[in-house]
Amino acid sequence: MLRSVCLLLLVQEVQGYAWMSNIKAPSFDGLLQSVSGSKFGDKKLVVITGTSSGLGLATTKALLRTEKYHVVGAVRNMDKMKVVAEEEGFNMDHFTPMHLELASFASVHRFVEELDKFRGDRPIDRLACNAAVYQPTLNYPKWTEDGHEQQHQINYFSHFLLTSKIMPMMEGSEDARICMLGSVTGNDNTVGGGGVYPIADLKELVGLELGCKKPIAMMDGYNFNGAKAYKDTKLACMMTCNMLHERFHRSTGIAFSSVYPGCIAETPLFREKRPWFRQLFPIFMKYVTGGFVGEEEAGQRLFQVLHDPRCRKSGVYWGWNGGPREGREDSLEKGGQIIGAGGAGGGWDSLFENDQSDKVLNKDLMMKLWDYTTEITGAEWPKAYQPKSPCPTLKVIEAVTSVLGVLEEKARMEASRQGEGAKFVADRSLPREERKRHLEQMLLKLDKTPTDPKQLEEDLLLTSGMAPDVKISSERSEPTAKPPAQEVIAVVDDPFLEEEGEKEPPKLIPGHELLGDTPVVFQPQNVMTMARVGQPLSEVAKQADVFIRYKCRKGECKTCAVNIDGRWVSACQQRIEPQAPGEHFAVRVRPVSEKEKRKEKVAFFSPESISDGFWNNAWGMFGMVTEGAKSGDDFAVRMQRERRIQELTEKKAKSTVKSLRGGQGDTPDERDFPAEQTSVREKLGSAATFGLLGFMLALVQRIGA
């Protein structure tokens, strides 16, 4: 008995020291990782693809402003990224560029290895799969070194592989998030996704099943269509996000989401469109559809999904709410920036969980997509029906375009299934390799790649990305580094400045804690947000959803007058001033009528709805015509900046010693910048096309608003 008791006590004593078995002797690699990880302090690690321009650049700037994140910018052109970082004044202590060519699976593997060494013992907290190319102008595909069509590999395949590699690095993060960029064009329960041919549709995924490798360019296995290829990749990204949520959210705690930040009509994503399109498309989106979103605002939206505590929810397609096509009557006074219009949505607090279409939510097709893509990319993963919008505009546009869409799609599909090989491709009892061979033979007969080297060179030059040579009007003055001196407005009729009695202390808007270091309080709304010293007041008011009317935006018309410390000043010219510790920057905004602020739309087919729809479209068309005539200078400045970045990049590339990675330096990529010249006849014809489309939309709104 005594022996048994002693033995039991001995066993318990040994078990008490069992934890020591997990202690490992320190290794040199572990020591290096520990030292590497410690350099980030308490900052979260964020990986964003495509940070040298567009949405990725704007999001990076928003993240760096908080000084709470260390951003790893994954880019294909390191020289360009260094030039842009210098131009934008990045704090390089908080930003690290790394080379990643998404057109190469080998590059993805190299990037992941470098990232793993760089992070040390720190987990990755955020991954934003942002980079994309859009190639709608050629009628034949361009191929990657792995043999896949460029848009498919860059936009989808490589991000799929990258996600599988980075997910294990997120273990240990308290708030890990992975976000993929979706698009309204991949979600066909909206006007933008379901009413404009071609429609995103993966069909039966025959092309993906058979390898989706040259000459099979499309996931559906039919003939190539550049615009459809882009839309299909966005649909695939959204479906993949849903599958990641279904499979891994519970076991990993990672929040998987997709996002549509709005139509960023001035982004370099449209670099392969002709200059007339790049000049007029933003105007069209501002005044006709109302769906325009600037790069900075879109960057704030993706930043919100990566930062806002509300966005920890997984399995969501995030959007920003706003009634369609409202407020056109004062669109000219706000430079086309219509809050909550055309699906563009409002500010920070208009975030909402967007609806996804039946195609995005098709779980049977989702499983096939997952399996085939995993096979193609070699990704290794841990073991582990929505109603359509009742919008009358969608229904009318579908009716108008359905015949043309059906005919064109039928012609494309029939052309890809001519000859004896068609029956072999359709026979699923045959071996995949035999079906693949017959499909390749049929598609090669349809290949439109020019055989003439000169023609091929001209086509590639068309999409090479050289910025068009647009002259800047001599009347346009260069922007100055400092804003003009703020003029004090002497008298403003504002009866509501009388004492309003005691108010509760203003409450900080949830999620705004890290937006800056200076509290800004708006009255009479009694709301508080955080801003940076020197930040434009108009931008801060927008992030706080405070309505201020604008007209000239030059500080001359006094429309946007606000009261600061008893002085009436123009909000469009005012910036946030430094405040003493414990103080806040107080702004009193003049009241506006409920009609101007009204955001709720009336019932469909009511007399008021028809009237509003007609006049909103009338104002939109007027705005497009008047602003389109003046858009040349703004477009020229935008192109001049792109050319400047291009020239500095080329200069740096020539002077840069070959990179230590593989001994190869980075050179400017043919996908970087646009550059085609446009004839006057072509430009006028394009403007007429836009006008006709605007008239059609106005008619549709009149009928079905």
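Residues numbered from 1 in each chain as written. Predicted model: local features only at pLDDT ≥ 70, side-chain atom pairs only at ≥ 80, totals over all residues. Heavy atoms only, no water.

- Under the annotation held in an unreviewed UniProt entry, the protein chain carries the name protochlorophyllide reductase and is attributed to Prorocentrum cordatum.
- UniProt, in the comment section headed Pathway (unreviewed entry), describes the protein chain in these words: "Porphyrin-containing compound metabolism; chlorophyll biosynthesis."
- Turning to the protein chain, the UniProt record has this under Sequence similarities (unreviewed entry): "Belongs to the short-chain dehydrogenases/reductases (SDR) family. POR subfamily." (UniProt positions renumbered as here; feature names shortened; annotations may be inferred.)

1. Side note on the sheet that holds strand E5 (residues 177-181)
Next, step 1: Reading across the sheet, the eight strands line up as E3-E2-E1-E4-E5-E6-E7-E8 and stay open at both edges, with mixed pairing between neighbours. The sheet is open, and its two edges are formed by strand E3 (95-99) and strand E8 (351-353), each paired on a single side. The mean angle between the axes of side-by-side strands here comes to 25 degrees, regardless of whether they run parallel or antiparallel.
Next, step 2: In terms of strand pairing, strand E1 (residues 44-49) meets strand E4 (residues 126-129) through three bridges, oriented parallel. If you follow Val46 over to E4, its bridge partner there is Arg126. (Pairing = 2+ DSSP bridges. Helix = DSSP H or I, 4+ residues; strand = E, 2+ residues; numbered from the N terminus. Axes fitted to C-alpha atoms, helices over the stretch in contact; angles between N-to-C directions.)

2. Here we look at the side chain of Ser416
Next, step 1: Relative to the helices and strands, Ser416 resides in the loop between helix H13 (392-415) and helix H14 (421-426).
Next, step 2: Apart from residues no more than four positions distant in its own chain, Ser416 is found in contact with Tyr222, Asn223, Met442, Leu443 and Leu446. (Contact = heavy atoms within 4.5 Å.)

3. Here's the deal with empty space enclosed by the protein
Next, step 1: Empty space within the largest cavity amounts to approximately 60 Å³.
Next, step 2: Lining of the largest cavity is provided by Ala62, Arg65, Thr66, Gln300, Phe303, Leu514, Leu515, Arg532, Gln535 and Gln543.
Next, step 3: Broken down by secondary-structure element, the contributors of at least two residues to the lining of the largest cavity are helix H3 (54-66) and helix H11 (295-307).
Next, step 4: Counting residues per element, the lining of the largest cavity draws most heavily on H3, at three residues.
Next, step 5: Along the lines of polarity and charge, the residues of the lining of the largest cavity split into four nonpolar, four polar and two charged. (1 Å grid on protein atoms, 1.4 Å probe; cavity = no way out; pocket = protein on both sides within 12 Å on 5 of 7 lines; lining within 4 Å. Points joined across faces, edges and corners; volume = space filled by probe spheres on them. Nonpolar A, V, L, I, M, F, W, Y, C, P; charged D, E, K, R; others polar.)

4. Some words on the state of the cysteines
Next, step 1: Enumeration over the complete set of coordinates arrives at zero disulfides.
Next, step 2: In this model Cys129 remains outside any disulfide bridge; the closest cysteine sulfur is found in Cys237, 7.4 Å from its own.
Next, step 3: For Cys129, a relative accessible area of 4% translates into the label buried. (Disulfide = S-S within 2.5 Å. Buried < 20%, exposed > 50% of the residue type's maximum accessible area, 1.4 Å probe, protein only.)

5. Some remarks on the pattern of salt bridges
Next, step 1: Counted by the stated rule, this structure contains 25 salt bridges.
Next, step 2: The shortest N-O distance in the salt bridge between Lys61 and Glu88 comes to 3.4 Å. With Lys61 in helix H3 and Glu88 in helix H4 (residues 78-88), the pair connects residues that are 27 residues apart, well separated along the chain.
Next, step 3: For Lys61, a relative accessible area of 17% gives the class buried.
Next, step 4: Under the relative-accessibility criterion, Glu88 is labelled partly exposed at 27%.
Next, step 5: As a salt-bridge pair, Lys368 and Glu204 come within 3.9 Å of each other at their nearest N and O atoms. Of this pair, Lys368 sits in helix H12 (residues 363-377) while Glu204 sits in the loop between helix H7 (191-194) and helix H8 (206-209), and the two are 164 residues apart along the sequence.
Next, step 6: Owing to a relative accessible area of 34%, Lys368 belongs among the partly exposed residues under this scheme. (Salt bridge = Lys/Arg side-chain N within 4 Å of Asp/Glu carboxyl O.)

6. A few points about helix H9 (residues 226-252)
Next, step 1: Here H9 contains 27 residues, and its C-alpha end-to-end distance of 37 Å stays within 8% of the 39 Å for a straight helix at 1.5 Å per residue.
Next, step 2: The largest bend along H9 reaches roughly 40 degrees and is located at Glu246.
Next, step 3: Across the 27 residues of H9, 20 count as buried, placing the element largely inside the fold.
Next, step 4: Where H9 begins, the side chain of Asn225 points an oxygen toward the backbone nitrogen of Ala227, at a separation of 3.2 Å.
Next, step 5: At the exit of H9 stands Gly253, carrying a positive phi of roughly 80 degrees. (Expected span 1.5 Å × (residues − 1). Bend = angle between axes of the 7 residues up to and from the residue. Polar contact = N/O pair within 3.5 Å; in protein donor to acceptor, adjacent residues only side chain to side chain.)

7. Considering the packing of aromatic side chains
Next, step 1: Evaluated as defined, the whole model comprises 10 aromatic pairs.
Next, step 2: Ring centres of Tyr156 and Phe157 lie 5.5 Å apart, and the angle between their planes is 50 degrees; on these two criteria the pair is classed as tilted.
Next, step 3: Look at Phe160 and Trp381: their rings are 5.2 Å apart centre to centre, the planes differ by 80 degrees, and that puts the pair in the edge-to-face class. In this pair, Phe160 is assigned in helix H6 (residues 150-166) and Trp381 in the loop between H12 and H13, connecting sequence segments 221 residues apart. One exposure class covers both Phe160 and Trp381, and it is buried. (Phe/Tyr/Trp six-rings, centres within 6.5 Å; stacked < 30°, edge-to-face > 60°.)

8. A closer look at the side chain of Ser257
Next, step 1: Relative to the helices and strands, Ser257 resides in strand E6 (residues 255-259).
Next, step 2: When near neighbours in sequence (up to four residues on either side) are disregarded, Ser257 contacts Ile178, Cys179, Met180, Cys241, Val305, Val316 and Trp318.

9. Things to note about the environment of Gly73
Next, step 1: Looking at the secondary structure, you find Gly73 in strand E2 (residues 69-75).
Next, step 2: Taking the relative accessible area as the measure of exposure, Gly73 reaches 0% and is therefore buried.
Next, step 3: In this structure the C-alpha to C-alpha distance between Gly73 and Leu57, which are 16 residues apart in sequence, comes to 9.0 Å.
Next, step 4: The contact partners of Gly73, leaving out residues within four places of it in the chain, are Ile48, Thr51, Phe95, Thr96, Pro97 and Met98.

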